[in-house]
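Secondary and tertiary structure notes
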Amino acid sequence: MRQQYHFRRSIDGKLLIWDVIKLVKMAQGMPVVSVPLDTIQELDEAFWYDLGGAKPTCRNIAEHAKLIQQTDLKYPIILCHEGRVMDGMHRVCKALMQGATHIMAVQFAKPIPPHFIDVDPETLTY
């Protein structure tokens, strides 16, 4: 698994960052459930582009398309306690493109504290 991070803005505007490799380890052994794709809010949001980093250029979209093609649906996505995607958006897109109506997921029961707060994403190790 390549190093990646989940980013989300807090209500007060702070950049909250989770290390996805740590989330995957935390999620091991959790019950896997089937989640309707229609409940994945991020499908109708600018998920990869809403924090002002990368722009949705044709090249960037093609890079995401390649990642979508390469992803493996046997691994469940990870949802936060509110049902928001923390890891697995490429898998969600692949399932949608294949005509699936559901995807396998694990969901944290309570909030997971971020691993970093207001750290410049460019300084993170990839």
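Reading the values: rules and limits
- Residues numbered from 1 in each chain as written.
- Predicted model: local features only at pLDDT ≥ 70, side-chain atom pairs only at ≥ 80, totals over all residues.
- Heavy atoms only, no water.
- Phe/Tyr/Trp six-rings, centres within 6.5 Å; stacked < 30°, edge-to-face > 60°.
- Helix = DSSP H or I, 4+ residues; strand = E, 2+ residues; numbered from the N terminus.
- Buried < 20%, exposed > 50% of the residue type's maximum accessible area, 1.4 Å probe, protein only.
- Pairing = 2+ DSSP bridges.
- Axes fitted to C-alpha atoms, helices over the stretch in contact; angles between N-to-C directions.
- Contact = heavy atoms within 4.5 Å.

**A look at the packing of aromatic side chains**
If you walk through the whole model with that rule in mind, you get 4 aromatic pairs. Each ring, one from Tyr5 and one from Tyr126, has its centre 5.1 Å from the other, and the planes form 80°; the classification is edge-to-face. Highlighted residues: Tyr5 in strand E1 (residues 5-9) and Tyr126 in the segment after strand E7 (116-117), separated in sequence by 121 residues. Accessibility expressed as a relative area gives 13% for Tyr5, which makes it buried. The class for Tyr126 is exposed, based on a relative accessible area of 58%. With centroids separated by 6.3 Å and ring planes inclined at 70°, the aromatic side chains of Phe47 and Trp48 adopt a geometry described as edge-to-face. For Phe47, a relative accessible area of 22% gives the class partly exposed.

**Concerning the sheet that holds strand E4 (residues 77-79)**
In spatial order, the strands read E3-E6-E4-E5; together these 4 strands make up an open sheet with mixed pairing. Unpaired on one side and paired on the other, strand E3 (33-36) and strand E5 (85-87) mark the two borders of the sheet. In this sheet, neighbouring strand axes are inclined to one another by 55° on average, regardless of whether the strands run parallel or antiparallel. Sheet strands in contact with helix H1 (residues 20-27) are E4, E5 and strand E6 (102-107), and its direction is about 100° off that of E5.

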